Amino acid sequence: MSSMSNVAGLSKFITTLPKTKYTILGMLIISYILGGIYYLIDLIPNHGIIEEFIFGGLFGLAVLGISSIMSGALNQQVISSLHGINLKIKHSMFLSSISMTILGIFIIIGYVISRVINVDIFVNFMLFACVLIYGFNTLVFWATSKVRFTVAATTGLIQPVLIISMYILISFLFTDTSFIGPAMVQISLKAIVAGIIFVLAIYAFIRIIASPFNKNLGIGVLDLLSLFIAHMNEGSNSLEGEFENMSEAIETIVTFISFKGENGIKALFISPSVHPGPLGDLGGSNMPTLLANKFNHFTMVAHGPSTHDFNPIAVSEIDKIEAAVRRGLEKIEYSKDASKFIRYTFKKAKIGVQFFNEGMVILSTFAPEAVDDIEFGVGLTMMAQSRSRCSVKDSIIVDCHNSFNPESGEVLPGHAEVFHLIGVIDTINPKQEKHDIKIGCYSNNMDTLDKHEGVGESGIKTMIIEVGDQRTAYVLFDSNNMEIGFRQEIIDAVSDFEIDEIEVMTTDTHTVNTISRGYNPIGVAKRAEIIEYVKLSITEALEDLEKVEVGTGTEKIKNLNTFGPNNSTELISTISSVVAVSKIVAPVLLITSLFISFIWIFFGGL
C-alpha cells in the first residue's frame, strides 16, 4: 500500500458523535445495568434476583453513572478554562462514557475472578481499570486539546478520582467500612504509583512520534492533530497557520477558454495547474467552487496537471489564480473558429482534442486504468509538445481524473505513462477543418447528494459544444476522482441522447475527503441517481445552445504559496512512517507499562 493510501486510511477514525443528551442517557442505562450485574454475581441469600438487580443498579448508577456525568462536565470546563480547544461538552461526555464502560467491565471481571478463586481481588481490578482510564483520558486531552501535558495529566485524574471517591462513600454509608484506614492509604499509594508509570509511558510514546515532525517539518504533531480536529469540528482554518511554516512560493500557470455571446462572456473553462487540496475546506481544497464563484458567468474549473505539492496553503491564495485569469481575459482575442472533437489513443493514454481559435484543449484519461494526478512537469511537457506539433498559441491540458482505485499512482517523470502521453500527442492531426461554434451550459448542485456520495458543493456542470454537425458534452463533477468503470457506464447511459461525443471529468475537490473512506470518489454509491443528473444536465444544456465566439489564454500565477515541491512528500512520508513506527512502539511501550502497573497493583508489597 502506498504512503498516501496509508495516510488517507487514517480518516476511517473520523466519525460523528451522538448528541449530549443521548450520551448521558446511555451512561445512565449502562451504569445501571453494570451495577445490577455486579450485585447479581454476589447474590445475597434470601434476597430475590429482581431486588438485587434494582439495588445493584442504583449502586452502579451512583458510583459509575453520576460520577462519570460529573466528570464529563468538569473535564470540559477545566480544559476550556485553560484555553484548550476542541473539547465540547458532547466530546467530553462521550469520552467519560467510554471510560465508564471500560471501568465497569473490569469491575465485573474482577468480581467474577474473585468469586472463582475465592480471593478478594475486586478492589485491585477497580484500581487497575482506574489507571487505564486515567492514561486514556490523559492521552486524549493532550493529543486533541492543545494543552500542556501537565494540564492533560491533571484533568485526566478527575473521572477516576470521582469514581473511587463515590465508591468509598457508598461503601462507607451502606456496606463495608473495613478498608477505611491504613488499607485505604495502601490502596491510594498503589494507584498513584501505577498511574505515574502508565502516564509516563504515554508521555514517552508521544515524544517519540513527535520527533520526526519537529525535525523534518518544524511543526508539532499535537498542534497539527489538535488544529485538524478543530477544522473537522468547527470548520476552523487555524491549521493553515501551521502550513505557513512549511510553505514555499512557486510559479505555475492557468490556462482557459472563454466563450463570448451577444451579451458578453457566456462561459469560462479554466484549467489551473494548482491542486485542490489538502482536504476539507483547508487551503485550496474547495478551489473549483471558490474560483468559479468569483466570476459572474458559467464557469467550469477542471483539474489541471498538478499534485499535492501544489496545494495552496490558504484560501486567500485562490485570489492569485483569479487575478491571473482576469489578466488573461483582458488580452484575449475571439473568433468563431473551432474544430470537431476527436479522440486519440496510444497504449494506455487516451485524449480528446478540440481546437478553439488559436488554442486547443486536450482532455486526458487513462480509463479504465487507474491513475491519479498528472505532475506539473509532465503537464508542461504535454503543453510544449502539443503547441509545437499543432502550431497553436495555447494548449489547455485537463487531467480528467475519472478512473480510480486506492492504489492509483501519480503520473511522474520516468513513469511509462508519461511516454504514453507523449506518444498519443504525436498522433494528433493538426489540420482540422474549422466551423462556427455554439455552446449550451447547465449546472446543478445535486442537492439530493452530498460529500457522503463523493459530491462537492458545485455538483455537476455540463457544457455542450456544437461545431458543424457534431455535439460534444463536457461533463464535470465536483468530485475527487471516479470509481473505475463508472465513466463508461455514464457514456453508455447517454448513448441515445442528441450528442455525438461525451467526456466525463472531476474537479478533484478535496472537500469530500473528510469522511470515513479518506479517498471518496464519485460512483461508489447511488450511480443510477447520478446518471439521472447527467441526463438532466445534457437535456438542459442542449436547450441553452447559442452561437458564440471563442478565445484561449495562458497566464502565469506568481508567488503562489503552496506546500512546495518537497514538503508535501515530506509530510506524507513522515505521517506514514510515524504510523508504521507507532504500530510497533505503541503496543510494546504501553502494554509493557500496563503489565508493570498490573504487577505493582496485584503483587506490590506496600
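Owing to the predicted nature of the structure, the values given are computational and were not obtained by experimental measurement. (Residues numbered from 1 in each chain as written. Predicted model: local features only at pLDDT ≥ 70, side-chain atom pairs only at ≥ 80, totals over all residues. Heavy atoms only, no water.)

**Re the overall build of the protein**
Right, so step 1: What the protein contains, in helices and strands, is 17 helices and 14 strands.
Right, so step 2: Counting only residues that meet the buried cut, the protein has 54% of its 606 residues in that class.
Right, so step 3: Accessible surface, the protein: about 25,300 Å² in total, of which carbon and sulfur atoms supply 59%. (Helix = DSSP H or I, 4+ residues; strand = E, 2+ residues; numbered from the N terminus. Buried < 20%, exposed > 50% of the residue type's maximum accessible area, 1.4 Å probe, protein only. Areas by Shrake-Rupley, 256 points an atom, 1.4 Å probe, with all protein chains shown as cover.)

**A few points about the sheet that holds strand S6 (residues 359–365)**
Right, so step 1: Ordered by their spatial adjacency, four strands build an open sheet running S4-S5-S6-S8, and the pairing between neighbours is mixed. Edge positions in the open sheet fall to strand S4 (342–346) and strand S8 (394–399), since each of these has one partner strand only. Between one strand axis and the next, the sheet turns through 25° on average, direction left out of account.
Right, so step 2: Bridge analysis of S6 against S8 gives six bridges, and the strand direction is parallel. In the sheet register, serine 364 faces S8, and the bridge partner there is aspartate 399.
Right, so step 3: Contacts from helix H14 (residues 416–425) reach S4, strand S5 (349–356) and S6, with the element oriented near 135° to S4. (Pairing = 2+ DSSP bridges. Axes fitted to C-alpha atoms, helices over the stretch in contact; angles between N-to-C directions. Contact = heavy atoms within 4.5 Å.)

**With respect to unusual backbone geometry**
Right, so step 1: Cis geometry is found at the peptide bond from glycine 277 to proline 278, where omega equals 15°.
Right, so step 2: Inspection of the secondary structure assignment puts proline 278 in the loop between strand S2 (264–272) and helix H11 (287–292).
Right, so step 3: Residues alanine 367 and proline 368 are joined by a peptide bond in cis, for which omega reads 10°.
Right, so step 4: Looking at the secondary structure, you find proline 368 in the loop between S6 and strand S7 (371–374).

**Some remarks on the nonpolar core**
Right, so step 1: Of all hydrophobic cores here, the largest spans 49 residues; its most connected members are Phe198, Phe213, Leu571 and Ile601.
Right, so step 2: At the level of elements, helix H5 (122–144), helix H6 (149–155), helix H8 (182–216), helix H9 (221–234) and helix H17 (567–603) are the ones that each hand at least two residues to this core.
Right, so step 3: A per-element tally of this core places H8 first, with 11 residues.
Right, so step 4: Discounting chain neighbours no more than four positions away, the residues touching phenylalanine 198 are Val131, Leu132, Gly135, Phe136, Leu590, Ser593, Leu594 and Ser597.
Right, so step 5: Ranked by size, the runner-up nonpolar core spans 44 residues in total, among them Ile270, Met287, Ile362 and Val424. (Core = buried A, V, L, I, M, F, W, Y, C linked by side-chain atoms within 4.5 Å.)

**Examining the environment of asparagine 405**
Right, so step 1: Residue placement: asparagine 405 occurs in the loop between S8 and strand S9 (409–411).
Right, so step 2: Residues asparagine 405 and tyrosine 519 lie 114 residues apart in sequence; the distance between their C-alpha atoms is 8.9 Å.
Right, so step 3: Beyond its immediate sequence surroundings of up to four residues, asparagine 405 is in contact with Ala370 and Ile484.

**Remarks on the confidence of the model for the protein**
Right, so step 1: Per-residue pLDDT for the protein has a mean of 87; in total, 89% of the residues score no lower than 70.
Right, so step 2: Low pLDDT, under 50, characterises residues 1–10; the predicted model gives this stretch 21 contacts beyond four residues in sequence or across chains. (pLDDT = per-residue confidence, 0-100.)

**Focus on the pairing of S5**
Right, so step 1: Counting buried positions along S5 gives seven out of eight residues, so the element sits mostly inside the fold.
Right, so step 2: Bridging between S4 and S5 involves five bridges; their strand directions are antiparallel. By the bridge assignment, threonine 345 is partnered in S5 with lysine 350.
Right, so step 3: Hairpin connection, S4 to S5: the antiparallel pair is bridged by two residues, and lysine 347 has positive phi, about 55°.

**A closer look at the packing of helix H2 (residues 20–41) against helix H3 (residues 49–81)**
Right, so step 1: Where H2 meets H3, the closest approach of the two axes is 6 Å, and the angle between their N-to-C directions is 135°. In this view, H2 runs oblique relative to H3, as classed from their interaxial angle. Of the two elements, H2 crosses H3, and the hand of that crossing is right-handed.
Right, so step 2: Partitioning the contact of H2 with H3 into residue classes produces 20 nonpolar, eight polar and one charged. (Parallel < 35°, antiparallel > 145°, perpendicular 65-115°, else oblique. Left-handed = near helix turned anticlockwise from the far one by under 90°. Nonpolar A, V, L, I, M, F, W, Y, C, P; charged D, E, K, R; others polar.)

**So, the pattern of salt bridges**
Right, so step 1: Within this structure, the stated rule accounts for 21 salt bridges.
Right, so step 2: When salt bridges with common partners are traced through the structure, they connect Lys294, Asp319, Glu322 and Arg326 into a single cluster. (Salt bridge = Lys/Arg side-chain N within 4 Å of Asp/Glu carboxyl O.)

**Looking at the packing of aromatic side chains**
Ring pairs (aromatic) are described by centroid distance and by the angle formed between their planes.
Right, so step 1: Per the counting criterion, the structure on display carries 15 aromatic pairs.
Right, so step 2: Plain terms: the ring middles of tyrosine 39 and phenylalanine 59 are 5.6 Å apart, the flat faces sit at 40° to each other, and that makes the pair tilted. Of this pair, tyrosine 39 sits in helix H2 while phenylalanine 59 sits in helix H3, and the two are 20 residues apart along the sequence. Considered together, tyrosine 39 and phenylalanine 59 belong to a single accessibility category, that of buried residues.
Right, so step 3: An aromatic cluster is present here, built from Tyr38, Tyr39, Phe59, Tyr111 and Tyr167 joined pairwise through their rings. (Phe/Tyr/Trp six-rings, centres within 6.5 Å; stacked < 30°, edge-to-face > 60°.)

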